[in-house]
There are 2 protein chains.
Amino acid sequence: MLKLSKKVEYGLIAIRHIASLNNQISTVKEISDKYNIPNEVLAKVMQKLTRGKLIMSHQGAMGGYTLARSANDISVMDVIGVVEGTQVGIAQCFSEAPENCSIYLNCTIKNPLGKIQHNLEHVFASMKVSEIV
Amino acid sequence: MLKLSKKVEYGLIAIRHIASLNNQISTVKEISDKYNIPNEVLAKVMQKLTRGKLIMSHQGAMGGYTLARSANDISVMDVIGVVEGTQVGIAQCFSEAPENCSIYLNCTIKNPLGKIQHNLEHVFASMKVSEIV
DNA sequence: ATGAAATAGGACTTCAATAGTCGTATTTGA
DNA sequence: TCAAATACGACTATTGAAGTCCTATTTCAT
Ligand code: SF4
Ligand code: SF4
């Protein structure tokens, strides 16, 4: 509960890696070997990060990935959003249709949880990749 | 990911309910009916909250639950800790033995995530039940 | 041209956590 | 003594996380 997924962690490690090499092109193999991350899992994370325009892919031999933006313009929040494909929602009613929660109408805590949600977003959004290089 | 469990939500709703009635004794049935929460699930949550000394149980007929502390001395963090039985850990290495993470030694993000963890704890700890009554 | 190195991406399995259900025992006030 | 309440273990079902496997496509270097 309240744990980041491994995919998000792998994405952060990879992006930090590229940033730490001054945006030199890096391959999945290089990163998965260095950090001991399952190759295929990382590969798919990188593909999502590419589709999310946080990194750029370079196909073919000698290919790999570089950042698509400067490291201080990529936040942990960005990575979570892109990798998970959904916004952070501390409760069901924040990440899906409110009607999906069967007690939505009776719920007395959604407003306070909304405040917590807002604060959490701020925490994740204010941590930039440039700080962790 | 990063979602509170229903159990925690139920616990918060129940504690807020009791607090809103000025610590009048309340039963599981009363609360589960009012908020449309599955009876048995709430019952077990209340038992955990009792063992965690956030509320007090009164057994037998005419029994029920009251708060064990004042509402401004119970935080969302307290409820999470008691209901989940474990501390909030945004990453595996914060909530279990670091060796359990196979990439712990190579991990380059545990320190920055530790900072995020610290900030999250503050967010959860600073929201007291008294604020949501 | 051809082959190796790389990304792209779908299909699948495994495992653990979440959410809920059921049954029974115990306590206690009226 | 009964009814109303808490206590608590065992079970099922569903979902999501994590990882594996396989094949296609792109592109550089020879
Ligand atoms: S409505 Fe209340 S219970 Fe339902 S998801 Fe939102 S916060 Fe949780
Ligand atoms: S060590 Fe790094 S990867 Fe492993 S759990 Fe901690 S943060 Fe996540």
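Note that the structure is predicted; figures quoted are calculated from it, not measured.

> Is there a simple way to explain the protein's contact with DNA strand D in this structure?
Around DNA strand D, a shell composed of 24 residues is seen, among which Gln59(A), Arg51(B), Ser57(B), Gln59(B) and Tyr65(B) lie nearest. Within 4 Å of the protein, atoms of DNA strand D come from sugar and phosphate in 72% of cases. Elements with a minimum of two residues in the surface near DNA strand D: helix H1 (6-20) and helix H3 (39-51) of chain A together with helix H3 (39-51), strand E1 (55-58) and strand E2 (64-67) of chain B.

> Explain the site of ligand 1 to me, please; I cannot follow it from the model alone.
Around ligand 1, the neighbouring residues are Ala91(A), Gln92(A), Cys93(A), Cys101(A), Ile103(A), Tyr104(A), Cys107(A), Lys110(A), Leu113(A), Lys6(B) and Glu9(B). Nearby residues place ligand 1 at the junction of chains A and B. Taken together, the residues of the shell around ligand 1 break down into 7 nonpolar, 1 polar and 3 charged.

> Quick question: what am I supposed to make of the pattern of salt bridges here?
For side chains of opposite charge, pairing can occur when their charged atoms come near one another. All names here are of chain A. One pass over the full model with this rule turns up 8 salt bridges over all chains. Close ionic contact of Lys 6 with Glu 9 constitutes a salt bridge, the shortest N to O distance being 3.6 Å. Remark: Glu 9 and Lys 6 occur in helix H1; sequence separation between them is 3 residues, near one turn of the helix. For Glu 9, a relative accessible area of 8% translates into the label buried.

> Would you explain the interface of chain B and chain A in this entry?
Put simply, an interface is often sized by how much accessible area is lost when its parts join up. The interface is formed by 44 residues belonging to chain B together with 44 residues belonging to chain A. Across the interface of chain B and chain A, roughly 3,800 Å² is buried in total on both sides, 71% from carbon and sulfur atoms. Three residues stand out in chain B for area buried against chain A, namely Met1(B), Leu2(B) and Lys3(B), and they jointly supply 19% of the buried area on that side. Joining chain B to chain A, the criterion identifies 8 residue pairs in polar contact (both at pLDDT 80 or more). Every element with two or more residues in the side of chain B that touches chain A is listed here: helix H1 (6-20), helix H2 (28-35), helix H4 (76-84), helix H5 (92-95) and helix H6 (110-126) of chain B. In terms of residue count, H6(B) provides more of the side of chain B that touches chain A than any other element does, 8 residues in total. Class assignment of the residues belonging to the side of chain B that touches chain A gives a composition of 26 nonpolar, 9 polar and 9 charged.

Quick notes on the rules
- Residues numbered from 1 in each chain as written.
- Chains lettered and ligands numbered in written order.
- Predicted model: local features only at pLDDT ≥ 70, side-chain atom pairs only at ≥ 80, totals over all residues.
- Heavy atoms only, no water.
- Near = heavy atom within 4 Å.
- Helix = DSSP H or I, 4+ residues; strand = E, 2+ residues; numbered from the N terminus.
- Nonpolar A, V, L, I, M, F, W, Y, C, P; charged D, E, K, R; others polar.
- Salt bridge = Lys/Arg side-chain N within 4 Å of Asp/Glu carboxyl O.
- Buried < 20%, exposed > 50% of the residue type's maximum accessible area, 1.4 Å probe, protein only.
- Contact = heavy atoms within 4.5 Å.
- Buried area = accessible area lost by both parts, 1.4 Å probe.
- Polar contact = N/O pair within 3.5 Å; in protein donor to acceptor, adjacent residues only side chain to side chain.

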